[in-house]
Amino acid sequence: MPTLTGSCICRNIEYELKLVSNDDARTSLCHCRNCKKAFGTNYGLTAKVPKDTFNLTKGIPKEHIADNGSGAVIYREFCQNCGSFILEYGDAAKDHFRYICVGSLDDPEALPPKGEFFCKARASWMPEIPNVFHKQMVKE
Ligand SMILES: [Zn+2]
Ligand SMILES: [Zn+2]
């Protein structure tokens, strides 16, 4: 059973992901406006994992809860010291999944992307990732 570790940049927050296989994680890019704002860049990059596979091992993140602009409530967790974005989840997925910010993993290459969401909002200069699924809209 692979255990992946991650943290914020100041390491006040640390976590473990205990996946049965790395294939249980679904990493995706999301080009929606809300992800652009939350990540502070031109897309969001998260790995969807079963909720029970995620364990905080150090620190308590700060939570920010807001409507994403299309009626869904999104929970986002950050380090209150350095501000690193750790994870997010929507109301619908709350009891079952966590979306881990892939850059917070100690080895971000462990979970390569399987798809892209909100491709209609892709930055004009950004190429498509080859050999993954592409959806114009919804993040599921
Ligand atoms: Zn931190
Ligand atoms: Zn998004």
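Everything that follows concerns the structure shown earlier in this document.
Thresholds, definitions, all that
- Residues numbered from 1 in each chain as written.
- Chains lettered and ligands numbered in written order.
- Predicted model: local features only at pLDDT ≥ 70, side-chain atom pairs only at ≥ 80, totals over all residues.
- Buried ≥ 20, exposed ≤ 12 C-beta atoms within 10 Å, placed from the backbone.
- Helix = DSSP H or I, 4+ residues; strand = E, 2+ residues; numbered from the N terminus.
- Pairing = 2+ DSSP bridges.
- Axes fitted to C-alpha atoms, helices over the stretch in contact; angles between N-to-C directions.

## A look at the pairing of strand S6 (residues 62-67)
Okay, step 1: The element S6 is largely exposed, with a buried count of zero among its six residues.
Okay, step 2: The pairing of S6 with strand S7 (residues 73-78) spans six bridges and is antiparallel. Bridged to Ala 66 within S7 is Ile 74.
Okay, step 3: The turn linking S6 back onto S7 is made up of five residues, and Gly 69 within it adopts a positive phi angle of 100°.

## So, the sheet that holds strand S2 (residues 14-18)
Okay, step 1: Spatially, three strands are ordered S1-S2-S5 in an open sheet, and the strand pairing comes out antiparallel. The sheet is open, and its two borders are formed by strand S1 (3-7) and strand S5 (54-58), each paired with just one other strand. On average, each strand axis in the sheet is inclined to that of its neighbour by 25°, with strand direction left out of account.
Okay, step 2: Sheet topology places S2 next to S5; four bridges connect them, and they run antiparallel. By the bridge assignment for S5, Glu 14 is matched with Lys 58.

Note that all results are geometric; they support no functional claim without further evidence.
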